[in-house]
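Per-entry structural report
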Amino acid sequence: MLALADFFVAIIETEISIAPRHLVALLPLFPRVKLAQGLWLLSWCATVAGATTFTLGCLLKTELRRRAEVMDNTDIHVVPNTLMIVGLASLGINYFASKICQDALDAGRFPRWKNFLKPYFAVSCFFTVLMLLSVIMSYAMKGSLESSLKAGLRNGIRFYKDTDTPGRCFQKQNIDRLQMEFECCGNNDFRDWFEVQWISNRYLDFGSKEVKDRVKSNVDGRYLVDGVPFSCCNPRSPRPCIQYHLTNNSAHYNYDYLTEELNIYLRGCREALVHYYMGLMNTIGAGVLSIFILQGSVLVSLRFLQTAMEAVAGKENTEIETEGYLLEKGVKDTIMEYLDPVLKFFLLKNGGKVEEGAAADKPAAVP
Amino acid sequence: MSVGKVTFTKVEREKLAEVLWLLNWISVVTGAILLGMGLFLKMEIQKWQEVMSEQGVLYVPHMLITTGLAACGINFLGGKICLDCADTNKFLRWKLVMMPYVICTFFFTACILAGALMCYSIRSQLEESLFLGLRHSMRYYKDTDTPGRCYLKRTLDLLQIQFQCCGNTGYQDWFQIQWISSRYLDLRSVAVVDRLRNNVEGKFLMDSVPFSCCSPLSPRPCIQQQLNRPLAHFNFDQQSQHLNLWRRGCRQALLDHYTVIMQSISLVVLLIWLFELLVLTGVRYLQTAMENVIRVGDPESESEGWILENSLAETARSNFNIIKNLGKCYQVDDDPNIDVPAMMAEQEIKSEQVQVQRTS
């Protein structure tokens, strides 16, 4: 670790040239060896971190699936899926990084990685950027999660009474358990229950005058009450729960519905669930961000090691000082260099035109 | 006639010491496990201690915690001792400590067994405690304005929701107490006054239950009122009644919950006890073997180890005599160093003379 620190100090002390080579550092043998050893250890830490990312992704997916019945769509699942993919990929990336570091200690064995390293860096950068993207997504998809929950809860409340309809018979149980566990009531708040008929017709005595009046007074012929199910009741209330005739102060002794706070849960279930999931994703996001920084530093250090070792290759005296750099050409040129094979693959560019462009670039690049 | 006599060569003695060192370290881990289990049980009991009438049940986790700590300490020391026992010279350092160490190990092994058996036997005491505690809590359910009892309503509601139970033995227990506070009863209403007058003690009793007895598994919205009159509700048939509320009593639910925990704990404790017994036997053999080596004088020779030097009956008798004679340390006996007063000496001479006369 100390050697790594020295190494970074050396970079700062060296002039950063504005010529094609970016971030150059002089690496004599001793810091090179120390860099390889430190990086080997760091890459094993990053492997563990990759496994942690995978586990966090699995955890998040499990939590989202537990409440899948009150979510309308599964768009939000892209976040845990990405985390799991990135976790698995980083296991592979860091495994190879440690192998490369091991071989970097021996100048004879290093050249066999020559052809492997360019695609390796491309893939590693892609997955590292994907890791950052997943964290950004977890914050950005709050709106999508909220709208999914809004639609899901609305359906749940609407089909609460349909315990005899196949496919909907568990809605009542799910909504009741949800409201009791998250200490919430309704979609936005408890008034959502006033707009829906949540008592099934099977349990309404249509011979009774009261029921007939109520059904008649509603345009759609629904039996609407100003009452909520028992699962909205708050155990912390000092008085026995008042579920029915909530807006009618005179129906209950010593009761004012405008000032009563403890009787039923005042929070809406959508807000409660969004709060819960955003809290979970924030914690996971913070962890993944630190893993991203770790992974990034592994890749940057590996790049320096690679370029330093490449300069040594072929020379007889392996103990000389060599330069390590981050990018050989400018940023734009490097990106184009990597994108060319991809674009060729998609036949977006002519083969001939690319060669002409490369030939024109070369004289300009030579200092 | 020794009990369990085994002969040990020097190599065997050293091997025994090494094995015991390892076993002692494993015992430290099992002692930590005991401690952990005791703490867990204590936390579980304290979670619902408001619905238990007395805290006598807490002596089981306390026993486990103390035994766990003792196990960790004694076995840590034992590890050190056993490592030194491989070498006769180092053993001499510990010679005086060995016997007390073996006795302590024997006692705390017995405590572990007692702890395991206690976990089984506590069930009836727990049931009694829960019965009285739940009855007390239900009686004071309505007293949310009395200091010291204001959280009983919340505790009982959360208990019924979490353990899916209702009342003490069943939901009918709620019919026998007034669980609606008078603060929320309109005492000017005729219905309320009638009901109060109907009851001998002036309590407002209803055939209704709190909301926490409701079961989410019921296909219909929960019916909490007028439970004794199913005809008061439309289409309230037998099956609906069965699914409407939780059928199980909270006493049974809590008892089952604690029984499962305590049975698993006692199983693990029994396994630990068997392991400790093994360690105790090994340590006793090592102690006796090393002492015999020192008695013989030659560190390279074979020695015998045993569990008891004489048979069980003789050991018991000799120990009993030791205990009997503990109180007699100041009595006069035939020790020539004790200064016997002259009068006593004359009496002795006279009795001798009498004896001589008789024999002659």
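Per an unreviewed UniProt entry, chain B carries the name Photoreceptor outer segment membrane glycoprotein 2-like and comes from Oryzias javanicus. The UniProt entry for chain B carries the following comment under Subcellular location (unreviewed entry): "Membrane".

Where an unreviewed UniProt entry is consulted, chain A appears under the name Retinal outer segment membrane protein 1a, with the organism given as Oryzias javanicus. As its UniProt record puts it under Sequence similarities (unreviewed entry), chain A is described as follows: "Belongs to the PRPH2/ROM1 family."

So, the overall build of chain A
If you tally the helices and strands in chain A, you get 10 helices and two strands. Written out in order from the N terminus, the α and β elements of chain A read α-β-α-α-α-α-α-α-α-β-α-α. For chain A, buried positions account for 43% of its 367 residues. Summarising the internal contacts of chain A: among those between residues at least 6 apart in sequence, 72% fall at separations of at least 24.

A word on helix α4 (residues 123–139) of chain B
All names here are of chain B. In this model, α4 (17 residues) spans 24 Å end to end at C-alpha, consistent with the 24 Å of a helix rising 1.5 Å per residue. Those residues of α4 lying buried are Leu 126, Ser 129, Leu 130, Gly 133, Leu 134, Ser 137 and Met 138. End-on, the buried residues of α4 take up no more than an arc of 150°, which puts them together on one face. Of the surrounding elements, those touching the buried residues of α4 are α5 (152–163) and α8 (250–296).

Let's talk about the interface of chain B and chain A
Taken together, the contact pairs 27 residues of chain B with 26 residues of chain A. Here chain B packs against chain A, burying approximately 2,400 Å² in sum over the two surfaces, 65% of which is carbon and sulfur. It is Tyr 184, Phe 211 and Pro 216 of chain B that lose the most area in chain B upon contact with chain A, and together they represent 26% of the buried surface on that side. Between chain B and chain A we count zero salt bridges in total. The tally of links between chain B and chain A comes to five residue pairs in polar contact (both at pLDDT 80 or more). Looking at side-chain class alone, the side of chain B that touches chain A contains 14 nonpolar, six polar and seven charged residues.

Overview of the domain arrangement of chain B
Annotation of chain B at the domain level lists domain 1 (3–138 + 252–309) and domain 2 (171–247). Summarising the inter-unit geometry, the C-alpha centres of domain 1 of chain B and domain 2 of chain B are found 53 Å apart.

Observations regarding the UniProt feature "transmembrane region" (unreviewed entry) in chain A
All names here are of chain A. In the numbering used here, UniProt assigns the "transmembrane region" (unreviewed entry) feature to residues 39–60, 120–140 and 274–294. End C-alpha atoms of residues 39–60 are separated by 31 Å, and the span's content is 100% helix alongside 0% strand. Within residues 274–294, the helical portion is 100% and the strand portion 0%, while the C-alpha atoms at the span's ends are 30 Å from each other.

Quick word on the nonpolar core
In this structure, Leu 159 and Trp 174 of chain B are the most contacted members of the largest nonpolar core, which totals 81 residues. Where this core is concerned, the elements lending two or more residues are α1 (10–47), α2 (59–85), α3 (88–121), α4, α5, α6 (190–198) and α8 of chain B. Top element by residues in this core is α8 of chain B. It accounts for 19 residues. Of the domains in this structure, domain 1 (3–138 + 252–309) and domain 2 (171–247) of chain B are the two that each give at least three residues to this core. Leu 64, Ile 199 and Cys 233 of chain A together with Phe 211 of chain B belong to the second largest nonpolar core, which has 54 residues in total.

With respect to the side chain of Thr 82 of chain A
All names here are of chain A. Looking at the element boundaries, Thr 82 is found in helix α3 (residues 78–104). Residue class for Thr 82 comes out buried when judged on its relative accessible area of 9%. Of note is the side chain of Thr 82, whose polar atom sits 2.4 Å from the backbone oxygen of Val 78. Sequence-distant contacts of Thr 82, defined by excluding residues within four places in its chain, comprise Leu 130, Ser 134 and Met 137.

Some points on the domain arrangement of chain A
Residue and element names in this part refer to chain A. In terms of domain boundaries, chain A breaks down into domain 1 (22–143 + 278–340) and domain 2 (161–272). Here the C-alpha centre of domain 2 lies 53 Å away from the C-alpha centre of domain 1. Surface buried jointly by domain 1 and domain 2 totals about 400 Å² across both partners, of which 51% is contributed by carbon and sulfur atoms. Interface area lost by domain 1 to domain 2 is led by Arg 67, Glu 69 and Val 70, which between them contribute 94%. On inspection of domain 1 and its partner domain 2, the count reaches two salt bridges.

Looking at the pattern of salt bridges
All names here are of chain A. Per the stated rule, a full pass over the model turns up 27 salt bridges over all chains. For Arg 109, the salt bridge identified is with Asp 103, shortest N-O distance 2.9 Å. Note that Asp 213 and Lys 209 form a salt bridge whose closest N and O atoms lie 3.0 Å from each other. Here Asp 213 and its partner Lys 209 are both found in helix α7 (residues 209–216), four residues apart, which amounts to about one turn of the helix. On the basis of relative accessible area, Asp 213 is assigned to the partly exposed category, the value being 39%. The class of Lys 209 is exposed, set by a relative accessible area of 61%. What emerges from the salt-bridge pattern is a single network uniting Glu 63, Arg 66, Arg 67 and Glu 181.

Notes on the confidence of the model for chain B
Residues and elements named next belong to chain B. Summarising the model, chain B shows a mean pLDDT of 87, and 92% of its residues fall at 70 or more. Here helix α10 (residues 342–359) is the element of chain B with the lowest mean pLDDT, 56, and α5 is the one with the highest, 95. Predicted complex, confidence summary: ipTM 0.77, pTM 0.80.

Points about the UniProt feature "transmembrane region" (unreviewed entry) in chain B
The positions that UniProt labels "transmembrane region" (unreviewed entry) are, in the present scheme, residues 20–41, 57–78, 98–120 and 265–286 of chain B. Secondary structure content for residues 20–41 of chain B is 100% helix and 0% strand, and the end C-alpha separation is 31 Å.

Side note on the packing of helix α6 (residues 171–182) of chain A against helix α8 (residues 269–312) of chain A
Residue and element names in this part refer to chain A. As a packed pair, α6 and α8 sit with axes 10 Å apart at the nearest point and diverge in direction by 65°. In this structure, α6 crosses over α8, and the sense of that crossing is left-handed. Contacts between α6 and α8 involve Leu 178, Gln 179 and Phe 182 from the first element and Cys 269, Ala 272, Leu 273 and Tyr 276 from the second. Its residues assigned to classes, the contact of α6 with α8 comprises six nonpolar, one polar and no charged.

So, the environment of Glu 260 of chain A
In this fold, Glu 260 of chain A is placed in the loop between α7 and α8. In this structure the C-alpha to C-alpha distance between Glu 260 of chain A and Lys 172 of chain A, which are 88 residues apart in sequence, comes to 26 Å.

Digging into the packing of aromatic side chains
Aromatic ring pairs are reported here in terms of the distance separating the ring centres and the angle at which the planes meet. All names here are of chain A. For the structure on display, the rule yields 23 aromatic pairs over all chains. Taken together, a centroid distance of 5.2 Å and an interplanar angle of 50° make the contact between Phe 96 and Phe 116 tilted. With Phe 96 in helix α3 and Phe 116 in helix α4 (residues 114–140), the pair connects residues that are 20 residues apart, well separated along the chain. A ring pair is formed by Trp 198 and Tyr 244, whose centres lie 6.2 Å apart and whose planes are at 15°; its orientation type is stacked. Of this pair, Trp 198 sits in the loop between α6 and α7 while Tyr 244 sits in the loop between α7 and α8, and the two are 46 residues apart along the sequence. In this structure Trp 198 comes out as buried when scored by relative accessible area, which is 2%. Owing to a relative accessible area of 31%, Tyr 244 belongs among the partly exposed residues under this scheme. The rings of Tyr 95, Phe 96, Trp 113, Phe 116, Tyr 120 and Phe 121 are connected pair by pair, giving a single aromatic cluster.

Each value, and the rule that gives it
- Residues numbered from 1 in each chain as written.
- Chains lettered and ligands numbered in written order.
- Predicted model: local features only at pLDDT ≥ 70, side-chain atom pairs only at ≥ 80, totals over all residues.
- Heavy atoms only, no water.
- UniProt positions renumbered as here; feature names shortened; annotations may be inferred.
- Helix = DSSP H or I, 4+ residues; strand = E, 2+ residues; numbered from the N terminus.
- Buried < 20%, exposed > 50% of the residue type's maximum accessible area, 1.4 Å probe, protein only.
- Contact = heavy atoms within 4.5 Å.
- Expected span 1.5 Å × (residues − 1).
- Arc of directions from axis to C-beta.
- Buried area = accessible area lost by both parts, 1.4 Å probe.
- Salt bridge = Lys/Arg side-chain N within 4 Å of Asp/Glu carboxyl O.
- Polar contact = N/O pair within 3.5 Å; in protein donor to acceptor, adjacent residues only side chain to side chain.
- Nonpolar A, V, L, I, M, F, W, Y, C, P; charged D, E, K, R; others polar.
- Domains from an automatic or database assignment.
- Core = buried A, V, L, I, M, F, W, Y, C linked by side-chain atoms within 4.5 Å.
- pLDDT = per-residue confidence, 0-100.
- Axes fitted to C-alpha atoms, helices over the stretch in contact; angles between N-to-C directions.
- Left-handed = near helix turned anticlockwise from the far one by under 90°.
- Phe/Tyr/Trp six-rings, centres within 6.5 Å; stacked < 30°, edge-to-face > 60°.

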